[in-house]
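Below, each chain spelled out in residue letters.
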Amino acid sequence: MIAEQAKLAALLEGAKQFEVPLYQRPYSWGGPEREQFWRDILRTGREPGSSMHFTGSVVFMERHGSMSGNLKRARLIDGQQRLTTLTLLMLAVAERLDQEGELEVPLEGTTDTQQIGAGDVRTDYLFNRRLTGDSRFKLLPTHADRATLKALVEKQPLPDRPSKAVMEGAAFFREKLADPALDLREVLRGVHKLQVVTVALEEGHDDPQLIFESLNSTGKDLTQADLIRNNVLMGLRPEEQDDLSREYWVPMEALFAETEEGTFDRFMRDFLTLRTRTLPNEREVYAAFKAYRQARPPGEPVKALVMDVAHLARLYLRIIDPAQVPQADVQLAMRDLTALRVRVISPFLLELLEDHEQGLLSSENLVGALRLTESFLLRRAVVGERTSPLNRFFAGVGRDLKKDEYLRSLERALVRFQDRDQDGFPSDEVFARALQSVALYKLNVCKPLLVRLERSHNPKEKFESAGLTIEHVLPQNEDLSDAWRDMLGTNWEDIQERLVHTLGNLTLTGYNSELGDRPFEEKKSLPEPKGYAHSRLLMTRHIAATLAWTEDRIESRAAALTEQALKLWPFPAFMPDELATLRTEGRQRSKVKTVEDHLETSGAALRALFTQVRDRLLKLDAEVTEAPQKHYVAYKLQGANFCDMVPQPSLNTVKGWLNLPPEELDDPQHLTRDISGKGKPGNGNVEFVLPLQADLEAFEALARQALEYQRGRATGEVPKGAGGSPAEAELAALPDAQQEVRAALEARLQELPGVERITNKFHISYKDRQVFLELRARKAALHLSVKGLAGAPQGDAAEAWESKGIWWTRKIRTLQELDEAWPALLEAFEGQGLAPGDSEEVAPPEEIRQVQEHLIDTVTALGSDTSTKTAGRTTVLMSGGQEFARLRKNESRGFVSIEGTLADGQPQKLYVRTLGTLDQGTALLKAFYEVARA
């Protein structure tokens, strides 16, 4: 490897050719990157005495045997964006010189000048003289851009599908150079002052793949799909790269050219989810792909993998654009399902389409599966169930399907699904009750639901829903006209508040702005086609037959539409005893995992690694026991965890944590890292990751140290506070009677599914989804703080608890007091909500906006002295003109935070994630308000 400084323009001078390897992404610089490049050129070009301007690095590998005549060939590993942009600029310069003739340019540092014409620019920067074919071009981009760039340079007709990015780049510089006030001399001077560091790699010695992955240029970051393309094609012979690129990869990327940015990355994640039955982290898709490729059969040609990816990419486009589905009934079902905008189902839809293509699923059953999934998702949305657990559910639901009874097994899987011991597929009763009362307009399924209801009125009539909007028959405007108030009666305010956003008051129209807040009679009788009476939509036209729009009419219409909805989105037919069995099975599945549950999606190689590690841990001592938990498998000595670990199928690794102070570990091979203060599922602060080829002897030596450390703590050889936090030391110093109570408490907490124990400086906290208990030592007692209760603690000695805002605290000294406190701890454990940082997928932005709206509505209903002020994502809540709380909406992380101060002067903060977890937030806002009023 040889690195040196060079002028960027000089790279193209002489008989040279840079070929962009086919594994690299196409030209992708857009307006912002080109603008920066242009500004750098003008800034340095307009200052004659200015120094060189550094623009980054260019990495290339000279090809063996590249000297053909005087032509020097090289593969461009990094810098193609910069060199392609320079090529497009010099093309525009040549075109301007074609029009204006030769340009006299001063030679820097002399009184001499140089005549530069269009031909000079082309031979210096675009063409290699006296050569033909592809050798004629100084820059050969990837297949996606090559034909377009060659056509522009040679002034030939463009290909049928020209590269959009290359055409935009050429147009950008043509527009800049068309400015008559622009001095072309300044542009050329600036080009010659652009400096780079060139890195020349030696073929056969330097690893271009490692270098490619680690480079971080000043251009656009590489996407996960870019890295995957590199992984697939790099290392192949040039002719193999060319074949795979032309036949599969370039056509596949072209499929996604007109989709929104990031779609190809999402496809690759969904592809891996389907093939591995696990959900890769969004930022680790490339790592998961490498692990998946490594786990494929040895000796399998890479073409088989590329063909599989390309095949599923074509099916994926049918999910993104259902118009590409050939069968009309399947297309309609897919369109209705994807209208719900729940992306987490994409891997499952891929499986359905692939099984249908392979003849495992008939077209009739495919439609049934799509309609069943639509019913499942829509019912959950209306009832207010969270979407976060669906991500992992749909990643693995295919394991539960029996392909010989496809539809029935899918019905069982969906009915069996449980979320926090709640039925995941809402029953008819639950769905009907919610559909008639929920503020449907605030849900993102509102329009798809109304569209399907309208179509059911007249299934043979085709209509386009794109131009339709949701119409409130009773207007949303709180300042209702006298005509509306008279029609609703004296309690019009209550009727409007309760029913305005509900199903009974909603319909579809293409004339929302014209209808506005008009009285009911005017809405019905507006001239054709605006009024209800003239609507082409039957659901809307039916409203015109109503004499008055009253509370009873809204509710009766909601009931009628609900009966219709129960038929459109049915619940699977099961006998009562079979349904009860499925629900019970689902609740059992959601409890503590077994070791096999953790290994369920692991391949043979990862299973073998986990088993070897497990065997070594169990053989360390006869007293070592294994305890599967929700998020990991624990290995204990005398009740204390010394090692926790979990398989990671998407990465083909075993990840774990050793429970001893990092500073006391002897790790000569540096196999671990200190994660003190960072979140983790396991108990220890020493993290390890074991790949398939891990040195298990070295790992066993590390695990033995953790075991001996915990043995020393148990026997007293290691002081109980040693290596721990002050909170641990204070708890360890409690009298023996309280130590017995603490041990009993710890034992009960370990029996709860998924509970993690986290130590910090001030307390020991216990969490599953979020912290529900904090434990401290106070005056020969255990001090408990619990969060997540719906109200005051109930049961024996309830008066022993003290309220601290959303927290309840008390001390316990005896086992009897532990028994009294335990019901509140259980309630707190069961009442947890999601907190920022949880691994599950966040709620969609629409739901977060609805959460904020609901909380604001709660405040305005507290009293006439309340008001709100919103600026950006923050809403200030005021009472009597004074701030008493704040709401902050964070759609990207999926929560609304509530902040304020309680009577004790302590600030409090709570995160609310879903419509189903609003009770705590509402209670806290009321508490803040009462403090403000007092």
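Residues numbered from 1 in each chain as written. Predicted model: local features only at pLDDT ≥ 70, side-chain atom pairs only at ≥ 80, totals over all residues. Heavy atoms only, no water.

### Structural notes on the nonpolar core
A general trend in soluble globular proteins is that nonpolar side chains are found buried together.
Point 1. Of all hydrophobic cores here, the largest spans 98 residues; its most connected members are Phe267, Phe394, Leu449, Leu450 and Leu453.
Point 2. Here this core takes eleven residues from helix H12 (residues 302-320), the largest share from any one element.
Point 3. In this structure, Phe394 is in contact with Val344, Ile345, Phe348, Thr373, Phe376, Leu377 and Leu414, ignoring residues within four places of it in sequence.
Point 4. Core analysis: the next-biggest nonpolar cluster, separate from the first, contains 54 residues, Leu11, Trp29, Trp38 and Leu139 among them. (Core = buried A, V, L, I, M, F, W, Y, C linked by side-chain atoms within 4.5 Å. Buried < 20%, exposed > 50% of the residue type's maximum accessible area, 1.4 Å probe, protein only. Helix = DSSP H or I, 4+ residues; strand = E, 2+ residues; numbered from the N terminus. Contact = heavy atoms within 4.5 Å.)

### Quick word on helix H10 (residues 263-276)
Point 1. A rise of 1.5 Å per residue sets the reference length of H10, with its 14 residues, at 20 Å; its end C-alpha atoms lie 20 Å apart and thus fit the reference within 8%.
Point 2. Most of H10 is tucked away, with eleven of its 14 residues classed as buried.
Point 3. Among the residues making up H10, those that are buried are Thr263, Phe264, Phe267, Met268, Arg269, Asp270, Phe271, Leu272, Thr273, Leu274 and Thr276.
Point 4. Residues of H10 that are buried sit in contact with helix H8 (224-233), helix H9 (238-255), helix H11 (285-295), H12, helix H14 (346-357) and helix H16 (390-396).
Point 5. Two residues or fewer after H10 comes Arg277, characterised by a positive phi angle close to 65 degrees. (Expected span 1.5 Å × (residues − 1).)

### Observations concerning unusual backbone geometry
Point 1. Look at the link from Glu528 to Pro529: it is a cis peptide, with omega at 5 degrees.
Point 2. Mapped onto the secondary structure, Pro529 falls in the loop between helix H23 (520-525) and helix H24 (538-543).
Point 3. Its identity as a non-glycine residue notwithstanding, Arg277 has a phi of 65 degrees, on the positive side.
Point 4. In this fold, Arg277 is placed in the loop between H10 and H11.
Point 5. Even without glycine at this site, Arg341 takes up a positive phi of about 55 degrees.
Point 6. Summarising the element assignment, Arg341 is placed in the loop between helix H13 (328-338) and H14.
Point 7. Owing to a relative accessible area of 59%, Arg341 belongs among the exposed residues under this scheme.

### Thoughts on the packing of aromatic side chains
We describe a pair of aromatic rings using the distance from one ring centre to the other and the angle between the two ring planes.
Point 1. Applying the stated rule across the entire model yields 25 aromatic pairs.
Point 2. Where Phe256 meets Phe264, the ring centres are 4.9 Å apart and the plane angle is 35 degrees; that geometry is what we call tilted.
Point 3. Phe256 gets classed as buried once you look at its relative accessible area, which sits at 7%.
Point 4. A centroid spacing of 6.3 Å and a plane angle of 50 degrees characterise the contact between Phe267 and Phe271, whose relative ring orientation is tilted. (Phe/Tyr/Trp six-rings, centres within 6.5 Å; stacked < 30°, edge-to-face > 60°.)

### Digging into the environment of Gly14
Point 1. Turning to its location among the elements, Gly14 is positioned in the loop between strand S1 (2-7) and strand S2 (16-19).
Point 2. Residue Gly14 is classed as partly exposed on the basis of its relative accessible area of 45%.
Point 3. Between the C-alpha atom of Gly14 and that of Phe127, which follows or precedes it by 113 residues, the distance is 9.5 Å.
Point 4. Aside from chain neighbours lying at most four places away, what touches Gly14 is Asn128 and Lys138.

### A closer look at a negative patch on the surface
Point 1. A cluster of acidic residues, Glu13, Glu102, Asp120 and Asp124, forms a negative patch on the protein surface.
Point 2. With respect to the helices and strands, Asp124 occurs in helix H3 (residues 118-126). (Patch = residues over 30% accessible without salt bridge, like charges linked within 9 Å, V, L, I, M, F, W, Y side chains within 5 Å. Areas by Shrake-Rupley, 256 points an atom, 1.4 Å probe, with all protein chains shown as cover. Salt bridge = Lys/Arg side-chain N within 4 Å of Asp/Glu carboxyl O. Lys, Arg positive; Asp, Glu negative; His and termini not counted. Charge placed at Lys NZ, Arg CZ, Asp CG, Glu CD.)

### Digging into the side chain of His356
Point 1. Within the fold, His356 resides in helix H14.
Point 2. Residue classification places His356 among the buried positions, given a relative accessible area of 18%.
Point 3. With residues near it in sequence (within four places) discarded, His356 still touches Gln327, Leu361, Ser362, Ser363 and Leu366.

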